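The lines below spell out each chain.
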Amino acid sequence: MSFLSKKIQVYGPETISVGDFDPTVDGCYRNVVTIPLDVKPHRMLYVKISSDIPVDVVVANSDRSSAGHKEQVREVTMGPYPTGKSDDMGILIGVFKGDKAKVTVDAWVEKE
């Protein structure tokens, strides 16, 4: 990334697995994965998702409200979402019970 670039990476790109067997959680499958993000205040957040099967995606504000969501997507770039005065936000990715997905997640902020 160049010095003058407005894009600041806050997560990834990283491939995660959703829907794995996990006997420590209710139902024994991790159907929802949460990703905390450390963002900068007064920026715009973008989230890019690429999955092998359709997934549900929620971008959450620091007060746990939804900044945006998409259902049953394989490839999507979501945003821009204003970070406001927040320095943390999150991403939730989910699949239906019994499904398993490999999801590549990329998140960044840019100046407003």
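Residues numbered from 1 in each chain as written. Predicted model: local features only at pLDDT ≥ 70, side-chain atom pairs only at ≥ 80, totals over all residues. Heavy atoms only, no water.

Engineer: Break down the overall build of the protein chain for me, citing the residues and quoting the values.
Structural biologist: Counting its secondary structure elements, the protein chain contains 0 helices and 8 strands. The helix and strand sequence of the protein chain, counted from the amino end, reads β-β-β-β-β-β-β-β. Sorting the 112 residues of the protein chain into buried and exposed places 38% on the buried side. When the 14 positive and 16 negative side-chain charges of the protein chain are each reduced to one mean point, those points stand 5 Å apart. (Helix = DSSP H or I, 4+ residues; strand = E, 2+ residues; numbered from the N terminus. Buried < 20%, exposed > 50% of the residue type's maximum accessible area, 1.4 Å probe, protein only. Lys, Arg positive; Asp, Glu negative; His and termini not counted. Charge placed at Lys NZ, Arg CZ, Asp CG, Glu CD.)

Engineer: Tell me what's going on with the packing of aromatic side chains, and back it up with residues and numbers.
Structural biologist: Evaluation of the coordinates by the stated rule reveals 2 aromatic pairs. Both rings, one in Phe 21 and one in Tyr 29, keep their centres 5.6 Å apart while their planes meet at 70°; by these two values the pair is edge-to-face. Taking the relative accessible area as the measure of exposure, Phe 21 reaches 55% and is therefore exposed. The ring of Trp 108 has Lys 7 sitting right over it, with the charged end atom 4.3 Å from the ring centre. (Phe/Tyr/Trp six-rings, centres within 6.5 Å; stacked < 30°, edge-to-face > 60°. Lys NZ or Arg CZ within 6 Å of the ring centre and 35° of its normal.)

Engineer: I'd like a rundown of the nonpolar core, residues and numbers included.
Structural biologist: Residues Leu 45 and Ile 93 are the most contacted members of the largest nonpolar core, which totals 27 residues. Counting residues per element, the ones that place at least two in this core are strand E1 (8–18), strand E4 (32–38), strand E5 (43–60), strand E6 (66–82), strand E7 (88–94) and strand E8 (101–111). Counting residues per element, this core draws most heavily on E5, which supplies 6 residues. (Core = buried A, V, L, I, M, F, W, Y, C linked by side-chain atoms within 4.5 Å.)

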